[in-house]
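The chain contents come next:
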Amino acid sequence: MKTVMRIVLAVALVTALAAATMAQAQERGVSATEVIIGTSQPLSGGAAFWGVPVTGGMEAWIRLINEQGGIHGRRLRLVALDDSYLPPRAVVNVRELVDRVGIFALVGLLGSANAFAVRDFVVENQVLWINPLADANMWAGFRGKRSLFVSYVSYVDEGRILTEYAAKNMGVKTVAVFYQNDLFGQKGLLGVKRGAAAAKIKVVAAVPYELTDREFSAQAVKLRESGADAVVLYANPTAGALVVRGMRQIGYAPKLISTSALADPAMFALAGDAWNGVTLAAYFPLPGTDARVDETLATIVRINPALARQPFNAVGGIAFLEPFLEGLRRAGPNLTRASFITAMETLRNWDGNVARGITFGPDRRQGINKLYLVRSENGRYVRLTPDITYPVAF
Amino acid sequence: MAGNAAAWAGGGDPAEKLRRVELRERYEDDLFLVRGPAGWVAAAVLAGGLAALPLVAPKYLIYIASLVAVNAVIAVGLNVLVGYTGQISLGHAGFVAIGAYAFGIVAARIPWTPAAGAWGVPWIAGLIAAGAVSAVFGLLVGLPALRLTGPYLTIATLGFGIAVHQVLINWEWLSGGRAGLFVPKLTFAGRPLGDAEIYWIALIVSAALTVLAFHIVRSYVGRAFVAIRDSDIAAEVMGVSLTTYKTTAFAVSAAYAGLGGGLYAIVLHYLEPNQFTLLESITYFSMIVVGGLGTIPGSVLGAALLTILPLEFSGFRQWQPVVYGLAIIVVMALEPRGVYGRWLKIKRWFKTWPF
Amino acid sequence: MALLAQYVIGGLAAGGLYALVALGIVLLYRTSRILNFAHGDLATFGTFIAFSLLVTYHSPFAIASAGALLITGVIGAAFYFLILRPARDASLLGKIVITLGFALLLQGTSTLLWGTDTKVLPFPLSDVRVYRLGGLVVSQISIGSFLIGLVLMGLVYVLVQRTKVGLAMRAVSQNLVAAQALGIPAKSIFALTWGLASALGATAGILLAPVALLDPSMMLDPFLKGFSAAVLGGIDSPPGAVAGGLLLGVIEAVFAGYVSVRFKTTLAFLIIIAVLIVRPEGMLGREYKRRV
């Protein structure tokens, strides 16, 4: 125990000295040649299917920017730590990123539970936080939002818009919802209920599953028994694909409506023929539908070939990072927290390589308030509607 | 030293072996927590060093130290059950969750008067509730344990842990469901407590509970636990009531887990059911085995090791499980009796030097 | 009634896979008293090997699956020889923790080698082609994997109860010292058991992948259910593992259908605990008789 103590003390002393030296620098995480940013993601464990490609997309894009000379002569350094999707580890990671690494901004951080767990620390330490990857609705009414910039999806609005569209344009009278039993799925369900109430149609069943479930035969039968015209999916790709196949197997073929989280080209392989004629929401042009996005994807795949297997999440990572990069560009060579925030507030309907229509303002931190609908047809997603806007909540 | 280590690597009774490693001659020697002036000096230095940590260490290290203190409480309690009484639990995250939510609900939902809030009444009441509620559940889980052993008890406790998790997810009125439950920050004398003060609270509670555990296992209750572990039939024949002591062991262990859960709520400020899954139960279990079954200091060492290792490995990213898994295998292969066994061997080497 | 039958069919299909997982766990426990927490991750690893052989090396299905079973079996036996045996000083709980470390190692390695994305394992039977019987629907793949499972269970039973190797396994599990004194090569028997149990796990994985999709955490839930099913049936009884697996699958499906999807696992465990309180040795187990 004594040896352990000695090591701990030694490490502590060195770190304290390092921290003291860094405090003399003008702004945490910014030097003449470098900007340090950090993220905490599930890079191992059950949610790694999301965290790994998102982080990979960000890193590949940053490498490209650095190869082009960085932004205002500063190279970017992204420190990505693994939290295995566990809140205590996310908290430790964020504290380490702020206290030890000394980051200028926190980018990403996946999952609503993790975002909630680190929220107070981030606000108290006035850390810039760009795109916590969790339902945007959780920030509505949140007071400490000055250094927070969100261009992530609002699942409540998405669910409402999908349901209203189904009632108006697809002749749907009754809907059933298959949802993941966490905030993602529950917010989607709430949105569907609101949309159904507004369009005067009925939600006849809400069937949940847990992220760890691998067997959905009972859920498929339950959905069939509800006899709904349409089934709305708020699921991850595996569960979504399996329940769609399960329903088809027992002879139930409702109209399928789905969250943007499943607007993934991989779904065609996972769900097979059943993934045809599905109506989905989308926030940025999906891979395979837009030249600029495809070019971006091709670029990052050259840097990291593994990203080709999860193109949707990889370009998603870029979409979450891009507004931050634009803020750096606009803030100019004299980069401080204040100049960055001012610069971010000038974004008006800004299009990046992947992200589209980002707007912030002095009182506005919700960067996206529109989506459009697509339909899956023979292995491709085809645009169905123009942009549909929803109210800005924060 | 290598030669000595090999000499100790034979078969035999683990307790006997540790006793030989510690060079104890009389049973009474076993009963003292701190032995001799050197022992007291070491204990004082350790206590002083741990208490002074916030003065020298950066904030994130203090936070990690707080997490270690929390997990140490849970591990010590689990070792009383597994290491001393021989009852397996793979559902301890359930007890931790019950304690954490009991704390959260008492601290957040009860309309405390501002005066009570200012003097820290809510969180003291919360901690008491955390230990008490969890202990009651410990008694309940202890009842089926009267009939079950080995894998059967493992599954029964594992089922308990999963049941607690599912109830917390789906009973939103109670737990806030997947949206979680925010635990108010601690205040004392009308002022919110900082990271350092929270660490001191966790440290004091954790140290007090560790010392208490020493006293429990060296009392007649502890000897009854050990008797049940070594042979429950023989223990019963000699007049140790299995019903009383098995359920007591579960209750004590659950109370520790509950208190650990309460501290966890204090340290993290936010509770969500997925923080208390089977994975956590397995981690607690690994802590005591890696640290040393049937040893209190081993529990603390194991808790420290398995809390710090994954955090240190967080920069390894996708390699993290590989490195972490290898680390566990290597530690267990080199130190089959846990890390504490190695510490004793080092201590003895110094004591007997130059022989 | 047709509805209930449909739930039961779904439950049996899942339960057959639980039974296969349970069988591997039981086989190992009978011989070595070790609960192998790496069983699920080893099965996933084996399934990934089959995937590589099929998709990357374009092997026919029979060869790919046989190769995967063989490699998984060898890994299992190697784990026994290289890690578990050198650590024989560890207590039983210590060995369980070693299997936990091995599980982490395997899970991490699968992620590094095959990535985190979900994969479709090409399988000769289809899940879309179905047979109808009145109002009931059964897919080709459910019937196929159920039958394959039954055959395998039968083979294991014959091996354990009717062959010399099986006799040696039982001898080693009942009295190691006496078995060794009689000239039974205990080391080889242990290694064989590890290999066999691991290959059984990989079979379960390969049968599961077409209906559950393949990714590094595929076996998490099936392993837990298989483990519970093994205990429900009696952890030292292969027929018990099969009965426990099927029963657990059906209980879960019927509960999910009629009572609550949200609490289906909780209810399943409540039933298991209730059964264990009545019969502490599981439904068909015989372990509990002890002498002082």
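These numbers come from a predicted model, not from an experiment. (Residues numbered from 1 in each chain as written. Chains lettered and ligands numbered in written order. Predicted model: local features only at pLDDT ≥ 70, side-chain atom pairs only at ≥ 80, totals over all residues.)

**A look at the overall build of chain A**
To keep it simple, the criterion reads: Note on conventions: DSSP H or I runs of at least 4 residues are helices, E runs of at least 2 residues are strands, and numbering of each starts at the N terminus. We compute the radius of gyration over the C-alpha atoms and compare it with the globule rule, which gives 2.2 Å times the number of residues raised to the power 0.38. Here exposure depends only on C-beta density: within 10 Å of a residue's C-beta, 20 or more other C-beta atoms make it buried, 12 or fewer make it exposed, and intermediate numbers make it partly exposed, the C-beta atoms being placed from the backbone.
The helix and strand inventory of chain A stands at 12 helices and 13 strands. For 394 residues, the compact-globule estimate of 2.2 N^0.38 gives 21 Å, and the C-alpha radius of gyration of chain A, at 22 Å, lies within 12% of that figure. In terms of principal-axis extent, the alpha carbons of chain A reach across some 65 × 50 × 40 Å. Every one of the 394 residues in chain A was classed for burial, and the buried ones make up 59%.

**What about the overall build of chain B?**
Note the following rule: Placing C-beta atoms from the backbone, we regard two residues as in contact once those atoms come within 7 Å.
Across its full length, chain B holds 18 helices and four strands. When each of the 355 residues of chain B is scored for burial, the buried share is 55%. When contacts within chain B are restricted to residue pairs at least 6 apart in sequence, those whose partners lie at least 24 apart make up 79%.

**Some points on the pairing of strand 1 (residues 130-133) of chain C**
Residues and elements named next belong to chain C. Keep this limit in mind: If DSSP finds at least two bridges between two strands, the strands pair.
When strand 1 meets strand 2 (residues 136-139), the two strands line up antiparallel, connected through four bridges. Bridge pairing in strand 2 links Tyr 131 to Val 138. Here strand 1 folds back onto strand 2 in antiparallel fashion, the turn holding two residues, of which Gly 134 has a positive phi close to 65°.

**Let's talk about the packing of helix 5 (residues 59-84) of chain B against helix 15 (residues 278-291) of chain B**
All names here are of chain B. Cut-off, in case you're wondering: Here an axis means a line fitted to C-alpha atoms, over the contact stretch when the element is a helix, while the angle between two N-to-C directions is reported on a 0 to 180 degree scale. Roughly parallel means an angle under 35 degrees; roughly antiparallel, over 145; roughly perpendicular, 65 to 115; everything else is oblique. Gly is put with the polar residues, along with every residue not named as nonpolar or charged; the nonpolar set is Ala, Val, Leu, Ile, Met, Phe, Trp, Tyr, Cys and Pro, and the charged set is Asp, Glu, Lys and Arg.
Here helix 5 crosses helix 15 at 75°, and the two axes come no closer than 9 Å. Comparing the axis directions of helix 5 and helix 15 gives the class roughly perpendicular. The residues of helix 15 that touch helix 5, namely those facing Asn 71, Ile 74, Ala 75, Leu 78, Asn 79, Val 82 and Gly 83, are Tyr 284, Phe 285, Met 287, Ile 288 and Gly 291. Class assignment of the residues belonging to the contact of helix 5 with helix 15 gives a composition of eight nonpolar, four polar and no charged.

**Some remarks on the interface of chain C and chain B**
Contact residues are listed per partner, giving 37 residues for chain C and 33 residues for chain B. Contributing elements (two or more residues each) for the side of chain C that touches chain B: helix 4 (92-114), helix 9 (220-233) and helix 11 (264-278) of chain C. If one sorts the elements of the side of chain C that touches chain B by residue count, helix 4 of chain C sits on top with 14 residues.

**As for the packing of helix 5 (residues 155-169) of chain A against helix 6 (residues 183-199) of chain A**
Helix-helix packing is described using two parameters, namely the angle between the two axes and the distance between the axes. Residues and elements named next belong to chain A. Put simply, the rule reads: Each crossing gets its hand from how the near helix is turned against the far one by less than a right angle, where anticlockwise is left-handed and clockwise is right-handed.
At a closest axis distance of 7 Å, the pairing of helix 5 and helix 6 adopts a crossing angle of 40°. Comparing their axes, helix 6 and helix 5 come out oblique. Seen from above, helix 5 lies across helix 6 with right-handed handedness. Contacts from Tyr 155, Val 156, Asp 157, Glu 158, Gly 159, Arg 160, Ile 161, Leu 162, Thr 163, Glu 164, Ala 167 and Lys 168 in helix 5 reach Phe 184, Lys 187, Gly 188, Leu 189, Leu 190, Gly 191, Val 192, Arg 194, Gly 195, Ala 196, Ala 198 and Ala 199 in helix 6. Partitioned by chemical class, the residues of the contact of helix 5 with helix 6 number 12 nonpolar, five polar and seven charged.

**Quick word on the interface of chain B and chain A**
Counting residues at the interface gives 30 residues for chain B, matched by 35 residues for chain A. Within the residue set of the side of chain B that touches chain A, elements represented by two or more residues are helix 4 (36-56), helix 5, helix 16 (296-312) and helix 17 (320-334) of chain B. Its residues assigned to classes, the side of chain B that touches chain A shows 17 nonpolar, nine polar and four charged.

**Description of the nonpolar core**
What counts here: Here, a nonpolar core means buried Ala, Val, Leu, Ile, Met, Phe, Trp, Tyr and Cys residues linked by C-beta atoms lying within 7 Å of one another.
Core analysis: the biggest nonpolar cluster contains 362 residues, and Leu 106 and Val 175 of chain A together with Leu 23 of chain C have the highest contact counts within it. Broken down by element, the residue count for this core peaks at 20 residues, all from helix 5 of chain B.

**Considering the sheet that holds strand 5 (residues 148-149) of chain A**
Residues and elements named next belong to chain A. Pairing is parallel in the open sheet, where five strands are placed in the order 2-1-3-4-5. Whereas interior strands pair on both sides, the edge strands pair on one side only; in this sheet they are strand 2 (75-82) and strand 5. Where strand 4 (residues 128-130) lies against strand 5, two bridges are found, and the strand directions are parallel. Residue pairing for strand 5: Ile 130 is matched across the bridge by Phe 149.

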